[in-house]
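Chains, contacts and geometry: an overview
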Amino acid sequence: MKAKVVCLLAFAGLALAACSAGEGIVAVEDAWIPAAPPGAGVMAGYLTLRNGSAGALRCERASGADFGAIEIHRTLIEDGQSRMLRDQVIEAAPGATASLAPGGMHLMLFRPQRELKPGDTTALTLHCGETNVAASFRIQEPR
Ligand SMILES: [Cu+2]
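Here goes a summary of the coordinates provided. (Residues numbered from 1 in each chain as written. Predicted model: local features only at pLDDT ≥ 70, side-chain atom pairs only at ≥ 80, totals over all residues.)

**Re the nonpolar core**
Convention followed: To form a nonpolar core, buried Ala, Val, Leu, Ile, Met, Phe, Trp, Tyr and Cys residues must be joined through C-beta atoms within 7 Å. Partly exposed residues are those whose C-beta has more than 12 but fewer than 20 other C-beta atoms within 10 Å; with 20 or more the residue is buried, with 12 or fewer it is exposed, and the C-beta atoms are placed from the backbone. Under the scheme used here, helices are H or I runs from DSSP no shorter than 4 residues and strands are E runs no shorter than 2 residues, and both carry numbers assigned from the N terminus. Our contact criterion uses C-beta atoms placed from the backbone: two residues qualify when those atoms are within 7 Å.
The biggest cluster of nonpolar side chains holds 30 residues, and the ones touching the most others in it are Val 28, Ile 33, Leu 47, Ile 90, Leu 107 and Ala 135. Listing elements by their share of this core, those giving two or more residues are strand 2 (25–34), strand 3 (42–52), strand 4 (57–59), strand 6 (67–78), strand 8 (90–92), strand 10 (105–112), strand 11 (121–128) and strand 12 (131–140). With six residues, the single largest contributor to this core is strand 2. Beyond its immediate stretch of four places on either side in the chain, Ile 90 contacts Leu 49, Cys 59, Ile 72, Ala 98, Leu 100, Met 105 and Leu 126.

Below, the structure written as structure tokens:
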């Protein structure tokens, strides 16, 4: 059984995360959330997950105190129509990178519990089997 690893990242955009000894580095880069109009019931979260560890990462769940619920979605364009698939899994083989970006996979962040303005940050955790990956997401103007 692999030990539980908690990775902490102080600021979005930093490349390094601190992990417990004996595990490789799992790093979150470019973790951001497009700003939404005040009162919006849902926001989206994006990040790049770099798996420098020896084991595959498979993240099936995410959590964060600033949201009522979080799902992992994938946007699909079919016949010019955009729709979202739920219950997606973020996967990264050892040495590989998973990207969540506009138009593809994203964290769907329901019911913000406080107003999140550009420049604010919010802490989210990806739950990847025995590994929890925590990252600070920065609220930014939409790209
Ligand atoms: Cu979605």
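**Points about unusual backbone geometry**
Even without being glycine, Asp 87 reaches a positive phi, approximately 55 degrees. Positionally, Asp 87 belongs in the loop between strand 7 (81–85) and strand 8. The backbone of Arg 111 sits at a positive phi, close to 55 degrees, despite the residue not being glycine. Note that Arg 111 resides in strand 10.

Purely geometric numbers; function is a separate question.
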